[in-house]
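Summary of the model geometry
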Amino acid sequence: MVKMKKGEDKNMGKVAIYPGSFDPMTYGHIDIVERALEIFDKVIIAIAENEEKRPLFSVEERLQMVRAFFEDTPKVIADSFKGLLVEYVAKTNAIVILRGLRATSDFEYEFHMASMNRSLNTHLDTLFMMTSKDYFFVSSRTIKEVARLGGGVEGLVPDLVVRRLKEKFKLPVTKKKQIRWDD
Ligand code: PNS
């Protein structure tokens, strides 16, 4: 009998957990997932339920957007969790936590989080992937701010997310307007 390592099973293969708020999911997140699929057989997008962060979208809305985007990608699973990430990871077959790094400014927060998670579970590693250059300035927080103020976020988040943002902020569904100096 072949002894399976943690994170490998004959149904799932190598699994990575990609945790986050995903409020909402951006193309920066999607880029990380798509590149991770070159390394892992499954990526579980794990949406943290944390009402203290006062999310714009409910967990159900966030899950729905992620599932809709990846509906033709069975290697991506969307789920949500409450409480400690390490406890959630322990219930899955994942071998690593996956996180994207945009810039050095992300590093300190990520370093603390990865170190804390590793002290809670010494078997657990966090794998960081650098965000592609096209998305290094994209964050869910700035996407929400720009959308709330009526700016265009097309191309930075999927169309479905653009529509949901416009619904949330009660904005008309129009095409992106490029602001120019002579406007
Ligand atoms: O997208 P975010 O908001 O940067 O993601 C942060 C997240 C959800 C990964 C982090 O807050 C988390 O893991 N929350 C679960 C609670 C937990 O385990 N906290 C201890 C980690 S230091």
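Residues numbered from 1 in each chain as written. Predicted model: local features only at pLDDT ≥ 70, side-chain atom pairs only at ≥ 80, totals over all residues. Heavy atoms only, no water.

1. Focus: the pattern of salt bridges
Any two side chains of opposite charge can pair, so long as their charged atoms come close to each other. Tallied over the full model, the rule gives 10 salt bridges. The shortest N-O distance in the salt bridge between Arg102 and Asp106 comes to 3.1 Å. Residue classification places Arg102 among the partly exposed residues on the basis of a relative accessible area of 30%. Asp106 sits in the buried class, given a relative accessible area of 13%. Across the salt bridge formed by Glu167 and Arg164, the nearest N and O atoms sit 3.8 Å from each other. (Salt bridge = Lys/Arg side-chain N within 4 Å of Asp/Glu carboxyl O. Buried < 20%, exposed > 50% of the residue type's maximum accessible area, 1.4 Å probe, protein only.)

2. Structural notes on helix α4 (residues 104-120)
A rise of 1.5 Å per residue sets the reference length of α4, with its 17 residues, at 24 Å; its end C-alpha atoms lie 25 Å apart and thus fit the reference within 8%. Within α4, the axis deviates most sharply at Glu110, by approximately 25°. Residues of α4 that are buried: Asp106, Glu110, Ala114 and Asn117. Of the surrounding secondary structure, the elements contacted by the buried residues of α4 are α3 (85-90), β4 (96-101) and β5 (125-130). (Helix = DSSP H or I, 4+ residues; strand = E, 2+ residues; numbered from the N terminus. Expected span 1.5 Å × (residues − 1). Bend = angle between axes of the 7 residues up to and from the residue. Contact = heavy atoms within 4.5 Å.)

3. Concerning the nonpolar core
Core analysis: the biggest nonpolar cluster contains 22 residues, and Tyr18, Val33, Ile45, Ile47, Val66, Phe70 and Leu98 have the highest contact counts within it. Here this core gets 4 residues from one element, more than from any other, and that element is helix α1 (residues 27-36). Discounting residues that sit within four places of it in the chain, Phe70 has contacts with Met25, Ile30, Val33, Ile45 and Val76. (Core = buried A, V, L, I, M, F, W, Y, C linked by side-chain atoms within 4.5 Å.)

4. A closer look at the sheet that holds β4
Spatial ordering of the open sheet is given by β3-β2-β1-β4-β5, a layout of 5 strands whose pairing is parallel. Taken across any chain shown, the strands that pair with only one partner, and hence form the sheet edges, are β3 (76-81) and β5. Here the average twist between neighbouring strands, direction ignored, is 30°. In the sheet, strand β1 (residues 15-20) pairs with strand β2 (residues 42-48) via 6 bridges, with the strands oriented parallel. By the bridge assignment for β2, Pro19 is matched with Ala46. Along the sheet face, α1 touches β1, β2, β3, β4 and β5 and points at about 115° away from the line of β5. Running at roughly 175° to β3, helix α2 (residues 59-69) makes contact with β2 and β3 of the sheet. (Pairing = 2+ DSSP bridges. Axes fitted to C-alpha atoms, helices over the stretch in contact; angles between N-to-C directions.)

5. Observations concerning the packing of aromatic side chains
Tallied over the entire structure, the rule returns 7 aromatic pairs. Their ring planes at 85° and their centres at 5.2 Å tell us that Tyr18 and Phe22 sit as a pair that is edge-to-face. For the pair formed by Tyr18 and Phe22, the shared burial category is buried. Counting every residue linked through ring pairs, the aromatic cluster contains Tyr27, Phe69, Phe70 and Tyr135. (Phe/Tyr/Trp six-rings, centres within 6.5 Å; stacked < 30°, edge-to-face > 60°.)

6. Some remarks on the site of the ligand
Taken together, 13 residues lie around the ligand, and Ser21, Lys53, Leu85, Arg99 and Tyr109 are the ones closest in. The separation between an oxygen atom of the ligand and a polar main-chain atom of Leu85 is 2.8 Å. Arg99 is positioned with one of its side-chain polar atoms (N or O) 3.0 Å from an oxygen atom of the ligand. Coverage of the ligand by the protein amounts to 75% of the 550 Å² it exposes when considered alone. (Near = heavy atom within 4 Å. Polar contact = N/O pair within 3.5 Å; in protein donor to acceptor, adjacent residues only side chain to side chain. Areas by Shrake-Rupley, 256 points an atom, 1.4 Å probe, with all protein chains shown as cover.)

7. Observations concerning the side chain of Arg62
Looking at the element boundaries, Arg62 is found in helix α2. For the buried residue Arg62, which engages in no salt bridge, the nearest side chain bearing the opposite charge is Asp23, 4.0 Å off. Those residues in contact with Arg62, other than ones at most four positions away along the chain, are Ser21, Phe22, Asp23, Ile47, Ala48, Pro55 and Phe57. (Lys, Arg positive; Asp, Glu negative; His and termini not counted.)

8. Structural notes on the confidence of the model for the protein
Averaged over all residues, the pLDDT of the protein equals 91, while 88% of them reach at least 70. Confidence drops under pLDDT 50 across residues 1-5; counting only partners more than four residues distant or on other chains, this segment forms 2 contacts. (pLDDT = per-residue confidence, 0-100.)

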